[in-house]
Amino acid sequence: MADRRTLRPAIGIDLGTTYSCVGVWQHDRVEIVANDQGNRTTPSCVAFAETQRFVGDAAKNQVTMNPINSIFDSKRLIGRRFSDPLVQSDINLWPFKVIEGSNDQPMIKVAYKGERRIFSAVEISSMKMRQATMDAGHIAGLKVMRILNEPTAAAIAYGIDKLGSSIRKRNVLIFDLGGGTADVSLLTIGGSEFKVKAVAGDTHLGGEDFDNRMVNHCVEVFKKKYKKDISGNAKAMRRLRTECERAKRVLSSALDTTIAVDALYEGIDFSSNITCSKFSELNMDFFKKSVKLVEKCLADAKLDKRSVHDVVLTGGSSRIPKVQQLLQEFFDGMELKRNLNPDEAVAYGASVQAAIMAGTGNERVQDIVLVDVIPLSFGVETDDGIMSLVIPRNTTSPTKMRRNYTTVKDNQTSILFAVYEGERTRAKDNYWLGEFRLSGIPAAPRGKITVVVSFDIDTNGILKVSAQESTTGVSQKITVTNDKARLPREEINRMIKDAENFKVEDEKYKKKAKAKGALEDYDYDLKSIVNDKEIRPTLS
Ligand code: AMP
């Protein structure tokens, strides 16, 4: 076995909506890597100036001076359409320009070195990531080994000191409320095992939303006081937003504070007092929404709230007293665990996982087994356009599951299998992962053929789909790797949310498709279908 001291260390990165953080396992512990300014977290911000591009702290400093070319929060655009109402409401509050690209894609427009440049949100995010990685440059090169769910990483940070065979299994709920997203995970931690039971999340719920509510409140106060609308002035809005975010942080440890900006608009100084309860009132619906995610996660994990041993807080916004109070009330007064550093826990846990994968950890760390779940369902499209589930969401990974399908036409000799990921009833509303055709099926009356479809997901999240006809053994398969076609967490959460929003529409479609299918079945001979549980695949 290689000496772990000679192995190249791996790093853990938390690429957050508002801040990013990098850690590395060294000297038998995680060390958080400070950036060139000496800070342990780096603002997720990129600024384009006349002559150069700034990243992190330097970029954040540009925000007030050069607001239209300083990009922050861009992670909130990933996986969303320009026409999405949430994108439109974000755009109204951002000083930089977001325009409609091809296929309804939101694109960010900036002026850089005298030229107009247009970037996608993913490009902007990758700039930050590269920079954060460059800060740790002498420690590691950039090879993404694994993407971890943020709360899973936080769970590792929380549980690392609690491992040991003598320790009884604990049900741990991780509540991660950050700048842009809210994520909840339910895990069991015991022995050396971290086992994720269920995850739930919202990609548009976090500190930025709370800031927006405060900004809007101040705009109204200004309007009332001075009869002037400042909402169209990018610079004023940005300065106000910075001040609101600061005030919000103060309100986590004080009962009231003042939001003050000199010469905010047309030379008018702005100053307004805000109490903690006013701040809570402005955001109560958001706070309640974050607790709803906990309910959903517990329901998915089929666990009663009384069976939860530890509720662990992480993410900068989990410091908000009202959020903590609502959560504590939900758990009937249980003491919440606040011992994780909310800004560093994800990078910390990711660094432990990186050490395990690189083989650089100590014995205690190397023994850790991480069992994660599949955050979205997998399935194939059937003839009626329905998504036929093969692996349901929140199934433990790795896993292998099978389902039988049959032909829809007499003498059909090939079947097209289209593979999707998502929660919507109609396949085309989900995320298309790939497709393949199974040919060489023997001619037979419709429904007489059985094709076994297997979905196999390995530890790295790589999905292999195969289909085999039972009598002849003819088979076909495809592999979907997680880095190319699979979805980032933001997209996953968005899709789950969409699925909930569109439930009514989906039900209608399902009923219609069923009614149509029943008629067709009647025209043929219903008994000729091999097994009534088996749904028909797409027509070739
Ligand atoms: P994260 O994404 O976990 O880095 O969280 C960043 C978010 O946490 C930002 O929206 C911050 O404004 C917010 N935040 C940080 N500290 C506090 C605090 N003391 N009170 C309320 N919100 C905070």
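Look above for the structure.
Residues numbered from 1 in each chain as written. Predicted model: local features only at pLDDT ≥ 70, side-chain atom pairs only at ≥ 80, totals over all residues. Heavy atoms only, no water.

Helix and strand counts for the chain stand at 12 helices and 25 strands. Looking at the chain as a whole, 54% of its 540 residues are labelled buried. In the chain, the share of contacts with a sequence separation of at least 24, taken over all contacts with a separation of at least 6, comes to 64%. Accessible surface, the chain as shown: approximately 25100 Å² in total, 49% of it carbon and sulfur. (Helix = DSSP H or I, 4+ residues; strand = E, 2+ residues; numbered from the N terminus. Buried < 20%, exposed > 50% of the residue type's maximum accessible area, 1.4 Å probe, protein only. Contact = heavy atoms within 4.5 Å. Areas by Shrake-Rupley, 256 points an atom, 1.4 Å probe, with all protein chains shown as cover.)

Structurally, V294 is set in helix α7 (residues 276–301). Overall, V294 belongs to the buried group, its relative accessible area being 0%. Separated by 110 residues in sequence, V294 and V184 have C-alpha atoms that sit 6.2 Å apart.

Read from one edge of the open sheet, three strands run β8-β9-β10, paired in antiparallel fashion. Two strands lie at the open edges of the sheet, namely β8 (97–100) and β10 (115–120), each paired on one side alone. Looking at each pair of strands side by side, their axes are set apart by 40° on average, direction ignored. Summarising the sheet, β8 and strand β9 (residues 106–112) pair through four bridges and their orientation is antiparallel. Across the sheet, E100 pairs through a bridge with P106, a residue of β9. (Pairing = 2+ DSSP bridges. Axes fitted to C-alpha atoms, helices over the stretch in contact; angles between N-to-C directions.)

This part is about the site of the ligand. Close contacts around the ligand come from 14 residues, with G179, E245, K248, S252 and R319 the closest. For the ligand, the protein covers 90% of the area, taking 500 Å² as the surface of the free molecule. Element by element, the count of residues in the shell around the ligand is highest for helix α6 (residues 234–250), at three residues. Considered class by class, the residues forming the shell around the ligand number two nonpolar, eight polar and four charged. (Near = heavy atom within 4 Å. Nonpolar A, V, L, I, M, F, W, Y, C, P; charged D, E, K, R; others polar.)

In this section: the pattern of salt bridges. For the structure shown, the criterion picks out 20 salt bridges. Ionic pairing is found between K248 and D211, a salt bridge with its closest N-O pair at 2.9 Å. Pair noted here: K248 is in helix α6 and D211 is in helix α5 (residues 207–226), with a separation of 37 residues, a long-range link. For K248, a relative accessible area of 9% gives the class buried. Note on D211: relative accessible area 3%, which makes it buried. (Salt bridge = Lys/Arg side-chain N within 4 Å of Asp/Glu carboxyl O.)

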